[in-house]
Amino acid sequence: MIENRNHPLILALDTHDLQEAREFLAPLRSVLRYVKVGPRLWTLGGAPLVSEIRDQGFDVFLDLKLHDIPNTVAAAVDAMSDLGLWALTLHSGGGKTMLEAAVSARDDAESEMVLLGVSVLTSLDQPAWDRVCPGCSLNEAIKSRTELCAESGMDGLVCSPLDLAMVRQVAGESLITVVPGVRPWKVSDDQKRSATPAEAICSGADYIVVGRPIIQAEDPLSAVSSIFEQIEEGFRCRKK
Ligand code: C5P
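Residues numbered from 1 in each chain as written. Predicted model: local features only at pLDDT ≥ 70, side-chain atom pairs only at ≥ 80, totals over all residues. Heavy atoms only, no water.

## Describing the state of the cysteines
Right, on to step 1. In the structure shown here, the tally under the stated rule is two disulfides.
Right, on to step 2. Across the disulfide from Cys-133 sits Cys-136; the S-S distance is 1.8 Å. On the sign convention where negative is left-handed, the bridge of Cys-133 and Cys-136, at about -40° about the S-S bond, is left-handed.
Right, on to step 3. Relative accessible area serves as the criterion here: at 23%, Cys-133 is assigned to the partly exposed category.
Right, on to step 4. Across the disulfide from Cys-202 sits Cys-237; the S-S distance is 1.7 Å. Given an S-S torsion of about -45°, the disulfide between Cys-202 and Cys-237 has left-handed geometry. One end of the pair, Cys-202, is in helix H8 (residues 197-202); the other, Cys-237, is in helix H10 (residues 220-239), and 35 residues separate them in sequence.
Right, on to step 5. Overall, the relative accessible area of 28% leaves Cys-237 in the partly exposed class.
Right, on to step 6. Each bonded cysteine in the protein chain gets a number by its place in the sequence, and the pairs come out as 1-2, 3-4.
Right, on to step 7. In this model Cys-149 remains outside any disulfide bridge; the closest cysteine sulfur is found in Cys-159, 9.8 Å from its own. (Disulfide = S-S within 2.5 Å. Buried < 20%, exposed > 50% of the residue type's maximum accessible area, 1.4 Å probe, protein only. Helix = DSSP H or I, 4+ residues; strand = E, 2+ residues; numbered from the N terminus.)

Quick look at the structure:
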């Protein structure tokens, strides 16, 4: 049995319903520290669910990718500052004023919640991005959004494993990097810009996010254990 809650693995708890989420988390309590709640579970369980997961000893990351006018986002961040969250996401496409309003709201509420800006979704590749922003380079967009996050006082950034080198070049060590699109074994799904846990950690990811490869595994504990081994391999690779 693996017992190490220090690995920088964030489980994307994208289950169908609350009961499934509860049953899923129970055996992972002694192993895993970070749990990400997305829009579905938030809709089903809201703030009481966040409290329940925290009471189980997990750090909760609420991934709602807020994207609205600054006043609306600041009001949401103010309310979310009372939830005891470890981290919250905002969409960096909302612009500098929106990100700054979020940081001020969090600070005014005297919360320690980590604010993370999503750069560009890891499900978007250049052809898909061409439809979002015709004529724009995906890499330029990620670069300028990284700069936006750093200049706005955000704590970190959610980015693809393939963007890590550029993010470090632009922002140095000033931003925490949280990396989804991580695939410990080969699967075919909607993630387009992906890498293995070892590659992501070796490239400098501070945290990796993994959902379906664990949620859909026949044996989630052994899936987590295998990802931990790959994370350790990534740290060894960094030292080389
Ligand atoms: O199942 P999978 O490992 O693809 O889950 C990745 C998680 O990370 C999902 O919950 C998804 O919403 C989230 N995410 C992402 N790409 C981003 C930001 C968040 O995949 N850029």
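## Topic: the nonpolar core
Right, on to step 1. Within the largest apolar cluster, 57 residues are counted, with the highest numbers of intra-cluster contacts made by Leu-9, Leu-13, Leu-90 and Ile-208.
Right, on to step 2. Examining the composition of this core, we find that six residues originate from one element, helix H4 (residues 96-108), more than from any other.
Right, on to step 3. Of all hydrophobic cores here, the second largest spans 13 residues; its members include Phe-61, Ala-87, Val-158 and Val-209. (Core = buried A, V, L, I, M, F, W, Y, C linked by side-chain atoms within 4.5 Å.)

## Comments concerning the site of the ligand
Right, on to step 1. Around the ligand, 18 residues are found, and the nearest of them are Asp-14, Lys-36, Arg-183, Gly-211 and Arg-212.
Right, on to step 2. In this structure, Lys-36 approaches the ligand through a side-chain N or O atom, which is 2.7 Å from an oxygen atom.
Right, on to step 3. A distance of 2.7 Å separates an oxygen atom of the ligand from a polar atom in the backbone of Arg-212.
Right, on to step 4. Isolated, the ligand exposes 470 Å² of accessible area, and the fraction of that covered by the protein chains is 88%.
Right, on to step 5. For the shell around the ligand, the per-class residue count stands at nine nonpolar, three polar and six charged. (Near = heavy atom within 4 Å. Polar contact = N/O pair within 3.5 Å; in protein donor to acceptor, adjacent residues only side chain to side chain. Areas by Shrake-Rupley, 256 points an atom, 1.4 Å probe, with all protein chains shown as cover. Nonpolar A, V, L, I, M, F, W, Y, C, P; charged D, E, K, R; others polar.)

## What about the sheet that holds strand S7 (residues 176-179)?
Right, on to step 1. Here eight strands make up a closed barrel; going around it, the order is S1-S2-S3-S4-S5-S6-S7-S8 and the pairing parallel. The sheet shows a mean angle of 25° between the axes of neighbouring strands, taken without regard to direction.
Right, on to step 2. Each of strand S2 (34-37) and strand S3 (59-66) touches helix H2 (residues 39-55); the most contacted strand, S3, lies at about 150° to it.
Right, on to step 3. Running over the sheet, H10 touches strand S1 (9-12) and strand S8 (207-210) and is turned about 145° from S1. (Pairing = 2+ DSSP bridges. Axes fitted to C-alpha atoms, helices over the stretch in contact; angles between N-to-C directions. Contact = heavy atoms within 4.5 Å.)

## Quick notes on the packing of aromatic side chains
Right, on to step 1. What the rule picks out here adds up to four aromatic pairs.
Right, on to step 2. Ring centres of Tyr-34 and Trp-86 lie 4.6 Å apart, and the angle between their planes is 45°; on these two criteria the pair is classed as tilted. With Tyr-34 in strand S2 and Trp-86 in the loop between helix H3 (70-80) and strand S4 (87-91), this residue pair connects regions lying 52 residues apart in the sequence.
Right, on to step 3. The buried category is assigned to Tyr-34, whose relative accessible area is 6%.
Right, on to step 4. Each ring, one from Phe-61 and one from Trp-86, has its centre 5.9 Å from the other, and the planes form 85°; the classification is edge-to-face. Within this pair, whereas Phe-61 is found in strand S3, its partner Trp-86 is found in the loop between H3 and S4, the two being separated by 25 residues in sequence.
Right, on to step 5. You can call Phe-61 buried: its relative accessible area is 2%.
Right, on to step 6. On the basis of relative accessible area, Trp-86 is assigned to the buried category, the value being 16%.
Right, on to step 7. Aromatic ring contacts, followed pair by pair, group Tyr-34, Phe-61, Trp-86 and Tyr-207 into a single cluster. (Phe/Tyr/Trp six-rings, centres within 6.5 Å; stacked < 30°, edge-to-face > 60°.)

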